[in-house]
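Structural description and commentary
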Amino acid sequence: MNSYLALFRTHPAFRWLWLAQVISLFGDWFNTVALLGLVAQFTDQSGLAASGLLIARSLPPFIVSPIAGVLVDRFDRKKLLIWSDVLRACIGVALFFANSPERLWIIYAATVLQFSISAIFEPSRSALVPRLVSAENLVQANALSNITWSVMLAVGALIGGVVTAVFGTSAALLVDAASFVLSAFCISRIRMTKVHAATDETSVKDGGGFRDGLRYVRNNPQIGAVLLVKFGLSIGSVDTIMNAYATTRYVIGENGSGSLGLLFGAFGIGSILGPLLMNRFTDKSVASLQRLLVWSFACVSVGWFLIGLSGSLEFLMLAVMVRAMGGSATWTYSSTLIQIQTNDRFMGRVFSLDWLAFYLAITVSIFLIGAFLDMLGNEAVSHITFVIAALSLLPLGFWVFAVRWLERRRAIVTPA
């Protein structure tokens, strides 16, 4: 805790970025719980309809990411963050008009627009972090960002479920819209102080286009390998699986909003514990971060198998925590490796590729899980989870071999 407090004291610009994240995420989880419950109400608990909402959150960023990466590297990242927040606040107001099944399309349309803009916001934020903190503090900064995401998931989802159940969907959506405005204000307070230095091994030639970003990754295979991490992590949508359990098997509150809030809360707690525990075993070097990714991937697989075995809400919450521990650590270390190894001029495009891989895997997963739930029935959710658990062993195996290859390559490149 003292190290994180010291990070805030010595890096005030990062403190404002972190505060913006806290506020924005608090509203996001209000939005998630409220809209999933609303879609379930309007569509008679359709698994495909819920998956459609999650796809509306993941497919647009996948399409927009190549353009977003170029924008992040060409324009002021701070200004991109502010305008992204302002536009998302305006779009959020449209959700107040989605008050009947006939207006269900508004939910999907507004979600598509909001997350298209998020495709610009997230790479901008990730690419901005190395400019706000020193290189030796990147692991701490990324761990803190993921812990914050997790805390706000636990707090925001839990409170969001309660507020939605007690005060209705409109109150939750109001909080979400206001959070974007406050986030924009916090980002406006950031004062830029440094520029990240390159650590890549090749000469930097950049025409500013997306193809130049692809060429940069091809010439730096240690970065290309890391770009596959979030893709492997996202095989299987934990959000879709939790929603299926919460709205059909363990229903608490209106449309399962209470049980969904509890599951999101458990996920948040697990996401906090993952980096906190695993950070004890890293010296912040590239090699140690790569090896820790093996253990975090293993934790993800164990979590999926436990979710499939769950026979009660309490056991399911524990299983979700284990899955979240591995996922949060994986996200933290893969992001840090990108920031350490990538030249600042290419940072936006590299992170856009990182998000593109993530959104590709999650979009396909959401669609297939929703389709199978509608075809086989929600009672088949355990069987679907076991299939996901088996598939999660593939990225684990890939990364084990990748780490060995990267270590051999590093031994050849580095003089004895």
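It should be noted that the structure appears before, not after, this text.
Below you will find a few notes about this structure. Please read all numbers here as calculations on a predicted model, not as lab measurements. Position numbers for residues count from 1 along each chain, tracking the sequence in the order it is written. With the structure being a predicted model, the display of local features is reserved for residues of pLDDT at least 70 and the display and counting of side-chain atom pairs for 80 or more, all residues being used for whole-chain, interface and lining totals. Working from all heavy atoms in the structure, the side-chain values ignore hydrogens and water.

**Description of the overall build of the protein chain**
Selection criterion: Secondary structure elements follow DSSP: runs of H or I of four or more residues count as helices, runs of E of two or more count as strands, with numbering from the N terminus. As a reference, a globule follows 2.2 Å times the number of residues to the power 0.38, and the radius of gyration itself is taken over C-alpha atoms. Residue contacts are defined here by distance: any two heavy atoms, one from each residue, within 4.5 Å place the two residues in contact. Using a 1.4 Å probe, accessible areas were evaluated by the Shrake-Rupley method; residue-level cover was limited to the displayed protein chains. Residues scored as charged are limited to Lys and Arg (positive) and Asp and Glu (negative), so that His and the chain ends carry no count. Charge positions are represented by NZ for Lys, CZ for Arg, CG for Asp and CD for Glu.
Along the protein chain, the regular secondary structure elements total 17 helices and zero strands. Its C-alpha atoms give the protein chain a radius of gyration of 20 Å, near enough to 22 Å, the size a compact globule of 416 residues would have. Reported as C-alpha extents along the three principal axes, the dimensions of the protein chain are approximately 65 × 45 × 45 Å. Contacts spanning at least 24 positions in sequence make up 85% of the contacts within the protein chain whose residues lie at least 6 apart. When the accessible area of the protein chain is evaluated, it comes to approximately 16,800 Å², of which 69% is carbon and sulfur surface. Across the protein chain, the mean location of the 30 positive side-chain charges is 10 Å away from that of the 22 negative side-chain charges.

**Observations concerning the packing of aromatic side chains**
To be explicit about the condition: Stacked, tilted and edge-to-face are the three classes applied to pairs of Phe, Tyr and Trp rings, where Trp contributes its six-membered ring and a pair requires centres within 6.5 Å; stacked means planes under 30 degrees apart, edge-to-face means over 60, and tilted covers the rest. Note on exposure labels: buried denotes an accessible area under 20% of the residue type's maximum, exposed denotes more than 50%, and partly exposed covers the range between, all computed with a 1.4 Å probe on protein chains only. Lysine and arginine charges are scored as sitting over a ring when NZ or CZ, respectively, is within 6 Å of the ring centre and within 35 degrees of the ring normal.
Applying the stated criterion across every chain yields a total of seven aromatic pairs. The interplanar angle of 65 degrees and the centroid separation of 5.3 Å between the aromatic rings of W331 and W355 together place this pair among those described as edge-to-face. You can see W331 sitting in helix α14 (residues 313-341) and its partner W355 sitting in helix α15 (residues 347-376), a full 24 residues away along the chain. Judged by relative accessible area, W355 falls into the buried class, the value being 9%. Following the ring pairs from residue to residue traces out a cluster consisting of W331, W355, F358 and Y359. Looking at R88, its charged tip hangs above the ring of F121, at a distance of 4.3 Å from the centre. Directly above the ring of W331 sits K230, whose terminal nitrogen or CZ lies 4.8 Å from the centroid.

**A look at the layout of surface pockets**
Put simply, the rule reads: Think of a 1 Å grid over just the protein atoms. A cavity is a set of points where a 1.4 Å probe fits yet cannot get out, a pocket is an open set with protein on both sides within 12 Å along at least five of seven lines, and lining residues have an atom within 4 Å of a point. Grid points are joined across faces, edges and corners, and a volume is the space filled by probe spheres set on the points.
In this model, the largest pocket occupies a volume close to 300 Å³. Surrounding the largest pocket, 15 residues form its lining, L368, I369, V387, I388 and L391 being those nearest its centre. Every element with two or more residues in the lining of the largest pocket is listed here: α15 and α16 (381-391). Ranked by residue count, the leading element in the lining of the largest pocket is α15, at seven residues.

**Comments concerning the environment of T148**
Threshold: The term polar contact refers here to a pair of N or O atoms within 3.5 Å; inside protein, the definition further demands a hydrogen-donor-capable atom paired with an acceptor-capable atom, and it admits residues adjacent in sequence only when both atoms are side-chain atoms.
With respect to the helices and strands, T148 occurs in helix α6 (residues 138-167). When the C-alpha positions of T148 and R404 are compared, they lie 32 Å apart, and in sequence the two are 256 residues distant. In this structure T148 touches W18, Q21, V22 and L25, once residues within four positions along its chain are discounted. Among the polar contacts made by the side chain of T148, one reaches the side chain of W18 at a distance of 2.5 Å.

**Concerning the nonpolar core**
What counts here: In this description, a nonpolar core means a group of buried Ala, Val, Leu, Ile, Met, Phe, Trp, Tyr and Cys residues linked to one another through side-chain atoms lying within 4.5 Å.
Core analysis: the biggest nonpolar cluster contains 106 residues, and F14, I107, I241 and W399 have the highest contact counts within it. With 13 residues, helix α2 (residues 12-42) is the largest single contributor of residues to this core. Not counting chain neighbours up to four residues away, the residues in contact with I107 comprise L35, L38, V39, F42, L53, L95 and A98.

**Observations regarding the side chain of S310**
When you line up the elements, S310 lands in the loop between α13 (286-309) and α14. In this structure the side chain of S310 is engaged in a polar contact, spanning 2.7 Å, whose partner is the backbone oxygen of I307.

**Quick word on α2**
Our working definition: Each helix should span, by expectation, one fewer than its residue count multiplied by 1.5 Å.
For α2, built from 31 residues, the straight-helix expectation of 45 Å at 1.5 Å per residue is met to within 8% by its first-to-last C-alpha distance of 45 Å. Counting buried positions over the 31 residues of α2 gives 22, a clear majority of the element. Immediately downstream of α2, the backbone of D44 shows phi near 60 degrees, a positive value.

**Let's talk about the packing of helix α4 (residues 77-93) against helix α7 (residues 169-188)**
Think of two packed helices as two axes; the pair is described by the angle between the axes and how far apart they sit. Formally: Only the stretch in contact is used when fitting a helix axis, every axis being a line fitted to C-alpha atoms; angles between N-to-C directions are given from 0 to 180 degrees. Any angle that falls under 35 degrees is termed roughly parallel, while one over 145 is termed roughly antiparallel, one within 65 to 115 roughly perpendicular, and all others oblique. Handedness of a crossing follows from how the near helix is turned relative to the far one, being left-handed for an anticlockwise turn of less than a right angle and right-handed for a clockwise one. Classes in brief: Ala, Val, Leu, Ile, Met, Phe, Trp, Tyr, Cys and Pro nonpolar; Asp, Glu, Lys and Arg charged; the others, Gly included, polar.
It is the contact of α4 with α7, at a shortest axis distance of 8 Å, that shows an interaxial angle of 165 degrees. Relative to α7, the element α4 lies roughly antiparallel. Judged by the sense of rotation from one axis to the other, the crossing of α4 with α7 is left-handed. Mapping the contact onto sequence places K78, L81, I82, D85, V86, R88 and A89 in α4 and A177, F180, V181, S183, A184, I187 and S188 in α7. Of the residues belonging to the contact of α4 with α7, the class tally is nine nonpolar, two polar and three charged.

**Thoughts on empty space enclosed by the protein**
The full count for this structure, using the stated rule, is two cavities of 30 Å³ or more. When its volume is computed, the largest cavity comes out at roughly 1,100 Å³. Surrounding the largest cavity, 48 residues form its lining, W29, W149, W331, W355 and F358 being those nearest its centre. Residues that form the lining of the largest cavity fall into these classes: 21 nonpolar, 19 polar and eight charged.

**Here we look at a nonpolar patch on the surface**
Quick reminder of the rule: Exposure above 30% relative accessible area and the lack of any salt bridge qualify a residue for a patch; like charges then connect within 9 Å, and the nonpolar side chains Val, Leu, Ile, Met, Phe, Trp and Tyr within 5 Å. What makes a salt bridge here is a side-chain nitrogen of Lys or Arg within 4 Å of a carboxyl oxygen of Asp or Glu, nothing more.
Taken together, the side chains of L228, F231, L360, V364, F367, L368, F372, M375, L376 and F398 define a hydrophobic patch exposed on the protein surface, amounting to about 890 Å² of accessible area. The greatest single-element share of the nonpolar patch, amounting to seven residues, is contributed by α15. Following the sequence through the fold, L368 ends up in helix α15.

**Quick word on the packing of α4 against helix α5 (residues 104-132)**
One way to put it is that α4 packs onto α5 with a least axis distance of 9 Å and a crossing angle of 155 degrees. Relative to α5, the element α4 is oriented roughly antiparallel. In this structure, α4 meets α5 at a crossing whose hand is left-handed. Facing R77, L80, L81, S84, D85, L87, R88, I91 and G92 of α4, the residues of α5 in contact are A110, L113, Q114, I117, S118, I120, F121, S124, R125, A127, L128 and R131. In terms of residue class, the contact of α4 with α5 is made up of 11 nonpolar, five polar and five charged.

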